[in-house]
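One letter stands for each residue in the lines below.
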Amino acid sequence: MDSLSGATVRSHCVGTTAVVYASDYLNKLTGEKIERECRRQLDSGCRALVIDFGDTHLVNSIGISILLGIIDVAEKSGAQIVFSDVNNQTVELFDMLGLTRHVALAKDEQEALSNISQLDPTPTLH
Amino acid sequence: MNTLTSSDNFRRILSRVPRHEFVGRAAELERVAAQAKQEKNGRGLLLLMAPSAGVSELLRQTFDQFFNERTEVIPFYFAFSRYGTTAVSAAIEFLNTFLQQYLAFRRNDPTLCNSALSLQDLVALAPTADLDWIDQLVQIYTRVRFSNDDKELVRFCLGAPQRVPTKHGRPFVMLDGSQLAENLNTGVAMGTEVLRVFGRADLSFVLAGLRRQIINAAHEAECDFESLDRLRLEKLDTDDANLLVENVARRQQVPTSSEARELMVQQFGGSPLLITSFLQAAHEKNAALVSYLDCERLYADELLGGHLRRYFDELLEEVAPKLDTRIALIQLMWEAAANAEKSVPVEAWRKHLSLPASEFVEILRGLHIYEFVNWNGPNLDATTGSQVWKDYLKVNYRLAVKNEPRALVVAEAIADSLKRAPDTMALHYRQLGKVTLRKILDQFDCQHVPKVLFDYSTFATNYKGMSDVELVAGLKSESEFFKLPRTVHVASCFSFNSDFRQVCEEDKCAVGHSFEDGIYNDEHEIIWLAAEIESKMEVEKDTTELWFERLDSLARTLGFLRYQVWLISNEGFTSEASSFLQSRAAFSSSQRQLEVLVDQIGEDQSLRPRPLDEGDEFLMVVPMGDDNEMLAATTVEQVARRLAFPPAAINQIKTAIVEACINASEHSHSPDQKIYQRFRVESDKLVVTISSRGVLPKNVGSGSSPSITNNNEAAEERRGWGLKLIRTLMDEVEFERVDEGTSLRMIKYLRNSSG
């Protein structure tokens, strides 16, 4: 189900998994939009989130802190969360700030969806 | 010499500027101090100062240096005052000051230098070892003082330093403002006496004064010039003047911008005195000097009633004490300057002023010494003063002579300065890094260079289109060389014929007097006449002929017997033009040939154009917020690509820049809401400085690892990750606290990033 809400973040649903697409620059503004969309999707009954970073070239620390917030929310909701198509430089940033300890990474959207369908609904904490 | 530069040890006594902020005079300081050496004993140093070049602080710094060093050199600094009345009073002041400073040094008590002490007080303070000779000195002084022989008294006082017992040290006398001593010539010619006493003394001394006055004074005093050294003190060069402006602005807490600072440097011609006065005025008025408008508003204020006005008023009053004479002089000088009259008959001025000949001569002499005019016998040139002087003349002419409304004069002074400011800076920027013909000709000193550098046609045939490496290799295999003459004098063509003003800029044409093989006789004398022709393409024959004729005609008019015409053009000359020049035995060069020539002949680094890929700097100012950090990131990406940083490193740099900008935006509480970015490219690294006005961020220096324990702690820590990221992504990170805000300096090395 594609998002037709007032938010400008692009997203769609595959079953009970929402795929949300991050923009080219993940900062406070765009991060909050993603957060809002993720919350909306979770409130609508989605049980897994895939945030796709295929278009994302630059992330700042505020954006990362918002992502951590989204992870928190997902965990509290019992939802799985996977980040897909993250470029190497962004992975490096996520590593530096400990994000990758709390979220799985997938090569692309397809792999993320595949991983979610195979995984236990309860996220595995490392 | 043991120089004490540690601020912890170095006591500031007479100097007014902290040693580390005393810029642009390191070489002069060393030279003046060297005059105190044993081998210089008995030799004097004449410090020939350009007007407002600022010599007093140089001498005061030297005094402090020797005072702190505590060697056998006993420093003594005495400044003649503009407000002194007679030679006798100045001499008495000299004696008092000498004893004060001597005792301060002997007792190692700098406070004595600035105390108000009578001669009796000083005797009482004398150490036991000095008591005898000082007491005797004062007794003799008392006798001579009331003997009605002014000349004897003056000589006695000036001779006091020579009475210091040798075992107590060697006085080093520094006298400041010798031209002012001449104003005290009431019965005793003070200036002459100073030079006579010290010229014959067995002491090293420095006499500082205006360059046009001091040599004449030495002649009048019949000094032995073989025992006198000379040092010329010019105004500061651009870099030093910029540093001076920065330092003084910081001390005076005057907000400035780099644009405004550069304007001040150019507008005041690098004069330390004028720059310092101007910033002092800004401080007094609590004015910021951030824009051209700020500067010119204050400038107009200063010209009409501030420090600048007072400075020139005092000089003019010294030259012409009577008010009506001064007003008449202002009219004459302004009208001559405004009409660009380079040669005015002196007699015309004398008639206009209606003054006795002797008084008129004294006035002319004064104007000449202060370089308000160039006076050479029957004529004078009133167009040579500084721009500040001319602006002062103009406003005073309009107010005092034309009686124009003050508000109109103020408004137009601001407007005129504002209109001129961009041209002032444009002229400076054009000259920056530019190799001028004058400089090149000045460097000719019998070097051997490939002949092809003066023959565009051959050069184009053999080397056009080659890379620099290929060109250099090719030139090395050249077999025909040309021996340059030795240049003895170079000047712009303007100086020989003002008609050239109509056809080119001053630094685009030059006349160089030289001698082949460095042999000074008629047969070897040759004059080079060079001109740069503005053209984006190869210069055509008709333009070439025109320029050749101009230079050839100049040479014939001036009676040059042997001369060499040399034409330069950016892109060279067409084949027809080259043939024409060859037929006339004229030299032709393109810009590229010129650059190679500079490389071949120049030890002087100032001749070399700065390579484009080294030391380039990019500046950018963005408003905070609105994701403007992305503009900075995009710009630095382009800059980093030029240095061939790999993509991963570029991304790291971009991320660091973004974090730095966000850090500045979120934490600095900047009053102007601007982020200043400077990207400096060096051969092996990129240096990025992000600055903002405001407070030091709280998370500075935080090395805490961003580990996540629980969500609440995480929320607190998340906001402090920016600096942690920066330190991880960049090779070097330095946070500086500056007066007005903070500055974050980050470096990424190329070698760490490649592979």
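Residues numbered from 1 in each chain as written. Chains lettered and ligands numbered in written order. Predicted model: local features only at pLDDT ≥ 70, side-chain atom pairs only at ≥ 80, totals over all residues.

## Points about the overall build of chain B
The number of helices and strands found in chain B is 30 helices and 20 strands. When burial is assessed residue by residue, chain B has 39% of its 755 residues classed as buried. In chain B, once contacts between residues fewer than 6 apart in sequence are set aside, the share between residues at least 24 apart is 71%. (Helix = DSSP H or I, 4+ residues; strand = E, 2+ residues; numbered from the N terminus. Buried ≥ 20, exposed ≤ 12 C-beta atoms within 10 Å, placed from the backbone. Contact = placed C-beta atoms within 7 Å.)

## Description of the overall build of chain A
The helix and strand tally for chain A stands at 4 helices and 7 strands. Counting helices and strands in the order they occur from the N terminus, chain A gives β-β-β-α-β-β-α-β-α-β-α. Evaluated residue by residue, chain A yields a buried proportion of 44% over its 126 residues. Of all intrachain contacts in chain A linking residues separated by at least 6 positions in sequence, the fraction that spans at least 24 positions is 75%.

## Here's the deal with the pairing of strand β2 (residues 73-79) of chain B
All names here are of chain B. Of all 7 residues in β2, 6 are buried; the element is thus mostly enclosed. Relative to strand β3 (residues 170-176), β2 runs parallel, the two being bridged by 7 bridges. Counted as the bridge partner of V73 is R170 from β3. (Pairing = 2+ DSSP bridges.)

## Thoughts on the interface of chain A and chain B
On the side of chain B, 21 residues touch chain A, which itself brings 14 residues to the contact. Listed by contribution, the elements that provide at least two residues to the side of chain A that touches chain B are α2 (61-77) and α3 (88-96) of chain A. If you tally residues by element for the side of chain A that touches chain B, the top one is α2(A), at 5 residues. Looking at the side of chain A that touches chain B residue by residue, the class counts come to 7 nonpolar, 6 polar and 1 charged. (Nonpolar A, V, L, I, M, F, W, Y, C, P; charged D, E, K, R; others polar.)

## Observations regarding the confidence of the model for chain A
Residues and elements named next belong to chain A. Per-residue pLDDT for chain A averages 86, and the proportion of residues at 70 or more is 88%. Every residue in residues 1-7 is under pLDDT 50, and counting partners more than four places away or in other chains gives 11 contacts. Considering only residues more than four positions removed or in separate chains, one finds that residues 122-126, a stretch of pLDDT under 50, has 5 contacts. (pLDDT = per-residue confidence, 0-100.)

## A look at the sheet that holds strand β6 (residues 344-345) of chain B
Residues and elements named next belong to chain B. Judged by pairing direction, the sheet is antiparallel, and its 3 strands sit side by side in the order β6-β8-β7 without closing on themselves. Looking at the sheet topology across the chains shown, the edges are occupied by β6 and β7 (374-376). Strand direction decides the pairing type here: β7 and strand β8 (residues 379-381), joined by 3 bridges, are antiparallel. Along β8, the bridge assignment pairs W375 with L380.

## Notes on the sheet that holds strand β2 (residues 17-21) of chain A
All names here are of chain A. Taken in spatial order, the 5 strands make up an open sheet running β1-β2-β4-β6-β7, and their pairing is mixed. Two strands bound the open sheet, and with one partner strand each, they are β1 (10-14) and β7 (104-106). Taking the axes of each pair of neighbouring strands and ignoring which way they run, one obtains an average angle of 25° across the sheet. Sheet analysis places strand β6 (residues 80-84) next to β7, joined by 3 bridges and oriented parallel. The residue of β7 that forms the bridge with V82 is A104. Strand contacts of helix α1 (residues 28-43): β1, β2 and β4 (48-52), with the helix running at about 170° to β2, the strand carrying the most contacts. (Axes fitted to C-alpha atoms, helices over the stretch in contact; angles between N-to-C directions.)

## Observations concerning the pairing of β1(A)
All names here are of chain A. Looking at chain direction, β1 and β2 are connected through 5 bridges and run antiparallel. Note that in β2 the partner of C13 across the bridge is A18. Here β1 folds back onto β2, and the loop between the two strands holds 2 residues, one of which, G15, carries a positive phi near 65°.

## Some thoughts on α3(A)
Residue and element names in this part refer to chain A. For α3, the full list of buried residues reads Q89, T90, L93 and F94. Projected onto a plane normal to the axis of α3, the buried residues spread over an arc of 140° and lie on a single side. Those residues of α3 that are exposed and aimed more than 90 degrees away from the buried face are N88 and D95. Where α3 ends, the next residue or the one after it, G98, has phi of about 80°, a positive value. (Arc of directions from axis to C-beta.)

## Brief notes about the nonpolar core
Side chains that are nonpolar tend, in soluble globular proteins, to be buried together. Counting 126 residues, the largest nonpolar core has A91(B), V206(B), L207(B), I275(B) and M333(B) as its most contacted members. Looking at this core, the element that brings in the most residues is helix α3 (residues 87-106) of chain B, giving 12 residues. (Core = buried A, V, L, I, M, F, W, Y, C linked by C-beta atoms within 7 Å.)

## Regarding the environment of E371(B)
All names here are of chain B. Along the chain, the position of E371 falls in the loop between α17 (357-369) and β7. Residue E371 is classed as partly exposed on the basis of its 17 C-beta neighbours within 10 Å. Along the primary structure E371 and T384 are separated by 13 residues, whereas in three dimensions their C-alpha atoms are 7.5 Å apart. Setting aside residues no more than four positions away along its own chain, E371 makes contact with P51, R212, T384 and G385.

## Concerning the environment of E109(A)
All names here are of chain A. Along the polypeptide, E109 turns up in helix α4 (residues 109-118). Note on E109: 19 C-beta atoms within 10 Å, which makes it partly exposed. A sequence separation of 27 residues divides E109 from V82, and the C-alpha atoms of the two residues are 9.3 Å apart. Setting aside anything within four residues of it in sequence, one finds E109 in contact with V19, V50, D52, S84 and D85.

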